[in-house]
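Given next are the chains, with one letter for each unit.
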Amino acid sequence: MIIEPKTRGFICLTSHPKGCEQNVLNQINYVKERPVKNGPKKVLVIGASTGFGLASRITAAYGSKAATIGAFFEKSPSEGRPASPGWYNSAAFEAQAHKDGLYAKSINGDAFSNEIKVQTIDLIKADLGEIDLLIYSLASPVRTHPDTGERFKSVLKPIGNTFTDNTVDFHTGEVKEISISPCTEDDIKNTVNVMGGEDWQMWIDQLKSAGVLSKDFKTVAYSYIGPSLTEAVYRKGTIGRAKDHLEATAFKITDALKDIDGKAYVSVNKALVTQASSAIPVIPLYISLLYKVMKEQGIHEGCIEQIERLFNARLYAENLEVDEAGRIRIDDWEMREDVQTKVLELWKQATTKNLPEIGDLKGYETDFYNLFGFKVQGVDYDKDVNEMVSIPSLQ
Ligand code: NAI
Ligand code: NA
């Protein structure tokens, strides 16, 4: 079929297998030239199909020849209906990894559930024996608690006061004011339940009990801080509480891993266009200004550049630098004072009329379409493609 983008607000209902494949191959090629010395060998990535998790899987596999198991929650294709992009990404990754002689298998289902944890542990036992790295890169709006069956929904709201500021609808380019009313106590609790550290800890507990964590095992989860501009909706809002919880969980996990000299880290990453971040109000305007400034300074990075730097300059470097709160920082370039001063200056001026010039609205839009395999260079979108692509290990 011929597949075209069908957008609805900040989501796209279709995705293109060839474009997704090209994105994956581009990331593989980037990492191949930047090997990771003393990198991981047997890796589990949770949230491995898109964004930072996909980049982590690719960096482990192609930076250090690691065997990878990728867990994710994606929609398979049906006749005339394309799969979700993470499905096509994973299909392309596995196919290429297998060609290159790398072990790669996938697990598709709700990673919050006990069932998927058991299935993953069984696969590790059968094929790898143990893992030396677990990357936790889940981003989800909902979580069903595995023990109680209770379903939690996360929200993106400020705490305490109504927040009013500008945002942009990147489809139309319109810069307009939005107001978000403050959350309830329950909203905080629910968001922490979905995006906090409880599930990460459950994974580690169960993997450890099963005896599948190697000595010197490492685990990393991803967090975000960002500037004061976005603080009310992000770091000091409901999602920020979840990230506080996630960061605190790293210390608890490290304690629980003492006997195997294991370590849990949180890495604070840069703001990037992903399916998860495009849903957050105000962030799209911030990102389009940030991209402009960082590209001008030659320090712009996407997911693969960020994660390759995480592995090479932090996680597997001789000295692992962390901040005063014990966090790994690869948002260092985003947070540079000169970058933030410039972004803030532009923020104050931004209007519908001038944003295409003072901001990188085009870059934002291209990145958004790229997430779904559209507007990718070198892909012929007039050509018929087979939407019924399968993931080799899931056949
Ligand atoms: P994403 O939306 O690209 O990836 C989410 C992944 O989680 C996908 O692989 C998806 O299949 C998987 N997933 C979702 N629900 C699942 C479930 N129930 N079971 C199994 N898998 C499930 O998101 P992104 O942006 O890569 O986010 C990953 C982490 O990075 C999140 O913790 C996010 O907060 C963090 N982060 C994101 C930043 C950004 O600007 N995008 C910046 C800094 C941190
Ligand atoms: Na991810």
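Within any chain, residue numbers begin from 1 and follow the written order of that chain's sequence. Starting at A for chains and at 1 for ligands, labels are handed out in the order in which the entities are written. Only residues with pLDDT of 70 or above have their local features reported here, since the model is predicted, and side-chain atom pairs are shown and tallied only from 80 upward, although totals for entire chains, interfaces and linings are computed over all residues. The side-chain values count all of the structure's non-hydrogen atoms but skip hydrogen atoms and water molecules.

Going by what an unreviewed UniProt entry lists, the protein chain is known as Enoyl-[acyl-carrier-protein] reductase [NADH] and is assigned to Wocania arenilitoris. UniProt positions are given in the numbering used here, feature names are shortened, and annotations may be inferred rather than shown by experiment. Its UniProt record, at the heading Pathway (unreviewed entry), says of the protein chain: "Lipid metabolism; fatty acid biosynthesis." Its UniProt record gives the protein chain the following Sequence similarities (unreviewed entry) comment, quoted word for word: "Belongs to the TER reductase family."

Enquirer: An account of the side chain of Glu247 is needed here, citing residue identities and associated values.
Expert: Of note, Glu247 is situated in helix H8 (residues 238-256). On the accessibility criterion, Glu247 (10% relative accessible area) is buried. The way it works is that DSSP assigns letters per residue, a run of H or I at least four long becomes a helix, a run of E at least two long becomes a strand, and they are numbered from the N terminus. In this scheme, a residue with accessible area under 20% of its type's maximum is buried, one over 50% is exposed, and one in between is partly exposed, where area comes from a 1.4 Å probe on protein chains only.

Enquirer: Tell me about the confidence of the model for the protein chain, and name the residues and values.
Expert: Per-residue confidence from the predictor is reported as pLDDT, a score between 0 and 100. Confidence along the protein chain averages 97 in pLDDT terms, with 100% of residues attaining 70 or more. The ipTM value of the predicted complex is 0.98, and its pTM value is 0.98.

Enquirer: I'd love a proper account of helix H11 (residues 337-349), names of residues and values included.
Expert: Counting along an α-helix, one turn takes 3.6 residues, and residues three or four places apart therefore face a common direction. Between the first and last residue of a helix there are one fewer steps than residues, each counted as 1.5 Å, and that sum is the expected span. Look at H11: 19 Å from first C-alpha to last across 13 residues, which is about the 18 Å you get at 1.5 Å a residue. Buried within H11 we find Val339, Gln340, Val343, Leu346 and Trp347. In an axial view of H11, the angular spread of the buried residues amounts to 130°, which keeps them on one side of the axis. Opposite its buried face, H11 presents the exposed residues Glu337 and Lys348, each directed more than 90 degrees away. Any two residues whose heavy atoms approach within 4.5 Å at even a single point are treated as in contact. Contact partners of the buried residues in H11: strand E9 (163-169), helix H7 (228-231), helix H9 (283-296) and helix H12 (355-358). What the arc measures is the spread of directions leading from the helix axis to the C-beta atoms.

Enquirer: Tell me about the packing of aromatic side chains, and name the residues and values.
Expert: Aromatic rings from Phe, Tyr and Trp, with only the six-membered ring used for Trp, were paired whenever their centres fell within 6.5 Å, and each pair was classed as stacked if the ring planes differed by under 30 degrees, edge-to-face if by over 60, and tilted otherwise. A full pass over the atoms with the stated rule returns ten aromatic pairs. One aromatic cluster is present, formed by Phe170, Tyr364, Phe368, Tyr369 and Phe372 through successive ring pairs. Should the NZ of a Lys or the CZ of an Arg lie within 6 Å of a ring centre and within 35 degrees of the ring normal, that charge is described as sitting over the ring. The ring of Tyr30 is capped by Arg34, whose NZ or CZ atom sits 3.7 Å from the centre of that ring. Lying over the aromatic face of Tyr369, Lys375 brings its terminal NZ or CZ to 4.5 Å of the ring centre.

Enquirer: Describe the pairing of strand E5 (residues 104-108), with residues and values.
Expert: Two strands form a pair only when DSSP identifies at least two bridges running between them. Note that strand E4 (residues 67-72) and E5 share five bridges and pair parallel. Residue pairing in the sheet places Gly70 in a bridge with Ser106 of E5.

Enquirer: Now, about the sheet that holds strand E3 (residues 42-46): what can you tell me, with residues and values included?
Expert: Read from one edge of the open sheet, seven strands run E5-E4-E3-E6-E11-E12-E13, paired in parallel fashion. In this open sheet, the two edge strands, each paired with only one partner strand, are E5 and strand E13 (328-329). Note on definitions: angles span 0 to 180 degrees between N-to-C directions of axes, and those axes are lines fitted to C-alpha atoms, for helices only across the stretch in contact. Lying on the sheet, helix H2 (residues 51-64) is in contact with E3, E4, E5, strand E6 (131-136) and strand E11 (213-223); it crosses E4 at an angle near 170°. Sitting on the sheet, H8 touches E11 and strand E12 (263-268), and the angle it makes with E12 is about 155°.

Enquirer: Could you give an account of the UniProt feature "domain: Trans-2-enoyl-CoA reductase-like NAD(P)H binding" (unreviewed entry) in the protein chain, with specific residues and numbers?
Expert: Under the UniProt annotation, the feature "domain: Trans-2-enoyl-CoA reductase-like NAD(P)H binding" (unreviewed entry) is placed at residues 2-79. A helix fraction of 38% and a strand fraction of 19% characterise residues 2-79, whose end C-alpha atoms lie 12 Å from each other.

Enquirer: Which residues make up a positive patch on the surface, and what values do they have?
Expert: Patch definition: residues with relative accessible area over 30% and no salt bridge; like charges joined within 9 Å; nonpolar side chains (Val, Leu, Ile, Met, Phe, Trp, Tyr) joined within 5 Å. Methods summary: accessible areas were calculated by the Shrake-Rupley approach with a probe of 1.4 Å, and residue burial reflects only the protein chains presented. Each salt bridge in this description consists of a side-chain nitrogen of Lys or Arg and a carboxyl oxygen of Asp or Glu lying within 4 Å of one another. The charge count includes Lys and Arg as positive and Asp and Glu as negative, but it does not include His or the ends of the chains. By convention, charge coordinates are those of NZ in Lys, CZ in Arg, CG in Asp, or CD in Glu. Together, Lys6, Arg8, Lys75 and Arg81 line one region of the surface with positive charge. Mapping Arg8 onto the fold places it in strand E1 (residues 7-8). Overall, Arg8 belongs to the exposed group, its relative accessible area being 56%.

Enquirer: Just give me the short version of the environment of Tyr62, but keep the residues and values in it.
Expert: For Tyr62, the location among the structural elements is in helix H2. The buried category is assigned to Tyr62, whose relative accessible area is 10%. Measuring from C-alpha to C-alpha, the distance between Tyr62 and Lys32 comes to 5.6 Å, with 30 residues separating the pair along the chain. With near-sequence residues (within four places) excluded, Tyr62 lies in contact with Ile28, Val31, Lys32, Phe93, Gln96, Ala97, Asp100 and Leu102. Within polar-contact distance, the side chain of Tyr62 engages the backbone oxygen of Gln96 at 3.3 Å. Under this definition, polar contacts are N or O atom pairs within 3.5 Å; protein pairs additionally need one hydrogen-donor-capable and one acceptor-capable atom, and for neighbouring residues in sequence, both atoms have to be side-chain atoms.

Enquirer: Tell me about the site of ligand 1, residues and numbers included.
Expert: Residues in close proximity to ligand 1 total 30 residues, the closest being Ser49, Glu74, Ala111, Lys243 and Thr274. One nitrogen or oxygen atom from the main chain of Phe52 is found 2.9 Å from an oxygen atom belonging to ligand 1. Contact between ligand 1 and Leu138: an oxygen atom at 3.3 Å from a main-chain N or O atom of the residue. In isolation ligand 1 offers 850 Å² of accessible surface; the protein chains occlude 92% of this area. Each residue gets one label: Ala, Val, Leu, Ile, Met, Phe, Trp, Tyr, Cys and Pro are nonpolar, Asp, Glu, Lys and Arg are charged, and the others, such as Gly, are polar. When its residues are assigned to classes, the shell around ligand 1 shows 14 nonpolar, twelve polar and four charged. Nearness is defined per residue: one heavy atom within 4 Å of the molecule or strand is enough.

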